[in-house]
Amino acid sequence: MSEFRITHEIHEVHPDIREKLTTATIDAINESSARSAEDAALVLRNRLGEIGVHMSPEACLAAVERIRSGKSLRFEIEREEAED
């Protein structure tokens, strides 16, 4: 997983969401650097919840593993798909 999607509609309401996500993710990873990836993912999920972002445990774990392997995260803005 190389990128996380933020809908355009969320970005319109919260234009600084990308920066908040990046900061919260880095803080959580740094705070939990001595913990297992699973524990770090829980810290990340809680930290994101504090800024009103809900991410699945699987996505949090993927983010932690990606950062710990030296790769970067990208938060991409996309249009919300209309439901049929």
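Model, not experiment: these values are computed from the prediction.

A. Geometry of the nonpolar core. Ranked by size, the top nonpolar core spans 18 residues in total, and within it Leu 44, Leu 48, Met 55, Cys 60 and Val 64 carry the most contacts. Secondary-structure elements contributing two or more residues to this core are α2 (17-31), α3 (37-50) and α4 (57-68). The element that contributes the greatest number of residues to this core is α3, accounting for 6 residues.

B. Structural context of the packing of α3 against α4. Remark: α3 packs on α4, axes separated minimally by 8 Å, with the N-to-C direction vectors making an angle of 115°. Considering their axes alone, α3 and α4 lie roughly perpendicular with respect to each other. The interaxial crossing formed by α3 with α4 has right-handed handedness. Taken together, the residues of α4 that come into contact with α3 (itself represented by Ala 37, Glu 38, Ala 40, Ala 41, Leu 44, Arg 45 and Leu 48) are Pro 57, Cys 60, Leu 61, Ala 63, Val 64, Glu 65 and Arg 68. Broken down by class, the residue content of the contact of α3 with α4 amounts to 10 nonpolar, no polar and 4 charged.

Reading guide: rules and limits
- Residues numbered from 1 in each chain as written.
- Predicted model: local features only at pLDDT ≥ 70, side-chain atom pairs only at ≥ 80, totals over all residues.
- Heavy atoms only, no water.
- Core = buried A, V, L, I, M, F, W, Y, C linked by side-chain atoms within 4.5 Å.
- Buried < 20%, exposed > 50% of the residue type's maximum accessible area, 1.4 Å probe, protein only.
- Helix = DSSP H or I, 4+ residues; strand = E, 2+ residues; numbered from the N terminus.
- Axes fitted to C-alpha atoms, helices over the stretch in contact; angles between N-to-C directions.
- Parallel < 35°, antiparallel > 145°, perpendicular 65-115°, else oblique.
- Left-handed = near helix turned anticlockwise from the far one by under 90°.
- Contact = heavy atoms within 4.5 Å.
- Nonpolar A, V, L, I, M, F, W, Y, C, P; charged D, E, K, R; others polar.

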